[in-house]
Amino acid sequence: ESIGLETRILSGREEATHAALGVISGFFQPKGLVGDIGGGSLEVAELLGDRVGERLVSLPLGALPVKALMEEGQGAAKQHIDALLQEQLPPLLTDPVFYAVGGGWRALARVHIAMNQVPISVVHGYEVAAPELRALAKKVARMAPEEVAALPDVPSRRIETLPAAALVLSRVLRNLKPERVVFSDCGLREGWL
């Protein structure tokens, strides 16, 4: 109100669409699924080269609600996440690629880059075999905050929520079974623009 702009809350479908458009803006003809994890939700959308497919979903699996679930126990959190994913996650019908968007998942990419001493540490376009990344995500999901803080190149603002973001990624990869994961710096904001 003070600056004269009207605020509008995006629906889950709109958020998933714009996240996918962001990935389309950052890669040439991406095909597969994009997942965008935020603080409150996870959006997944189908990428069909230069357009967004019809299969879109928004799930309450952001880093903050999953962190709260994990406080009740890792097993219960996994069951809850898996039930939502199995019920609503679109299958990977196009190329076996999962494009990962969101600060929590980019933080995991930074850790992987540092652990593997990759000569050029650029997250955008960084590609990892899905089984290798899932193994790291499973390990990080079980870590206490002080263990996360000791990881190489982990952003300090992600220490508390990285295990939750890692758990969601692990369960998404388990359900979708892509061959590889590609990280994207482009997401919702770029898709909106």
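Residues numbered from 1 in each chain as written. Predicted model: local features only at pLDDT ≥ 70, side-chain atom pairs only at ≥ 80, totals over all residues. Heavy atoms only, no water.

### Some remarks on the overall build of the protein
Helix and strand content of the protein: eight helices and six strands. For the protein, with 193 residues in total, the buried portion stands at 50%. Entry remark: accessible area of the protein is about 9600 Å², with carbon and sulfur atoms responsible for 51%. With 20 positive and 23 negative side-chain charges, the protein shows a spacing of 5 Å between the two charge centroids. (Helix = DSSP H or I, 4+ residues; strand = E, 2+ residues; numbered from the N terminus. Buried < 20%, exposed > 50% of the residue type's maximum accessible area, 1.4 Å probe, protein only. Areas by Shrake-Rupley, 256 points an atom, 1.4 Å probe, with all protein chains shown as cover. Lys, Arg positive; Asp, Glu negative; His and termini not counted. Charge placed at Lys NZ, Arg CZ, Asp CG, Glu CD.)

### Side note on the packing of helix 3 (residues 74–88) against helix 7 (residues 162–176)
Relative orientation of the contacting elements helix 3 and helix 7 amounts to 45°, with a least axis distance of 10 Å. Classified by the interaxial angle, the pair formed by helix 3 and helix 7 is oblique. For the pair helix 3 and helix 7, the crossing hand works out as right-handed. Residues Gln74, Ala77, Lys78, Ile81, Asp82, Leu85 and Gln86 of helix 3 form the contact with helix 7, whose participating residues are Leu167, Val168, Arg171, Val172, Arg174 and Asn175. Looking at the contact of helix 3 with helix 7 residue by residue, the classes come out as six nonpolar, three polar and four charged. (Axes fitted to C-alpha atoms, helices over the stretch in contact; angles between N-to-C directions. Parallel < 35°, antiparallel > 145°, perpendicular 65-115°, else oblique. Left-handed = near helix turned anticlockwise from the far one by under 90°. Contact = heavy atoms within 4.5 Å. Nonpolar A, V, L, I, M, F, W, Y, C, P; charged D, E, K, R; others polar.)

### Some details on the side chain of aspartate 82
Within the secondary structure, aspartate 82 is located in helix 3. Here arginine 171 takes part through its side chain, which lies 2.6 Å from a polar atom of the side chain of aspartate 82. Apart from the residues within four sequence positions on either side, aspartate 82 is in contact with Arg171, Arg174 and Asn175. (Polar contact = N/O pair within 3.5 Å; in protein donor to acceptor, adjacent residues only side chain to side chain.)

### Quick notes on the environment of proline 91
The topology assignment puts proline 91 in the loop between helix 3 and strand 4 (97–101). On the basis of relative accessibility, which here comes to 44%, the residue proline 91 falls in the partly exposed class. Sequence separation of proline 91 and asparagine 175 is 84 residues, and the distance between their C-alpha atoms is 8.5 Å. Once residues within four sequence positions are removed from consideration, proline 91 is found in contact with Leu33, Arg55 and Leu176.

### Focus on the side chain of arginine 134
Secondary-structure assignment places arginine 134 in helix 5 (residues 130–141). The charged side chain of arginine 134 is buried without a salt bridge, its nearest counter-charge being aspartate 82 at 7.1 Å. Of note is the side chain of arginine 134, whose polar atom sits 2.9 Å from the backbone oxygen of serine 170. Apart from residues no more than four positions distant in its own chain, arginine 134 is found in contact with Ser170, Arg171, Leu173 and Arg174. (Salt bridge = Lys/Arg side-chain N within 4 Å of Asp/Glu carboxyl O.)

### Structural notes on the packing of aromatic side chains
In total, this model carries three aromatic pairs according to the counting rule given. With a centroid separation of 6.4 Å and an interplanar angle of 25°, the aromatic rings of tyrosine 126 and phenylalanine 183 are classed as stacked. With tyrosine 126 in the loop between helix 4 (103–115) and strand 5 (127–129) and phenylalanine 183 in strand 6 (residues 180–183), this residue pair connects regions lying 57 residues apart in the sequence. The pair tyrosine 126 / phenylalanine 183 is uniform in exposure class, with both members buried. (Phe/Tyr/Trp six-rings, centres within 6.5 Å; stacked < 30°, edge-to-face > 60°.)

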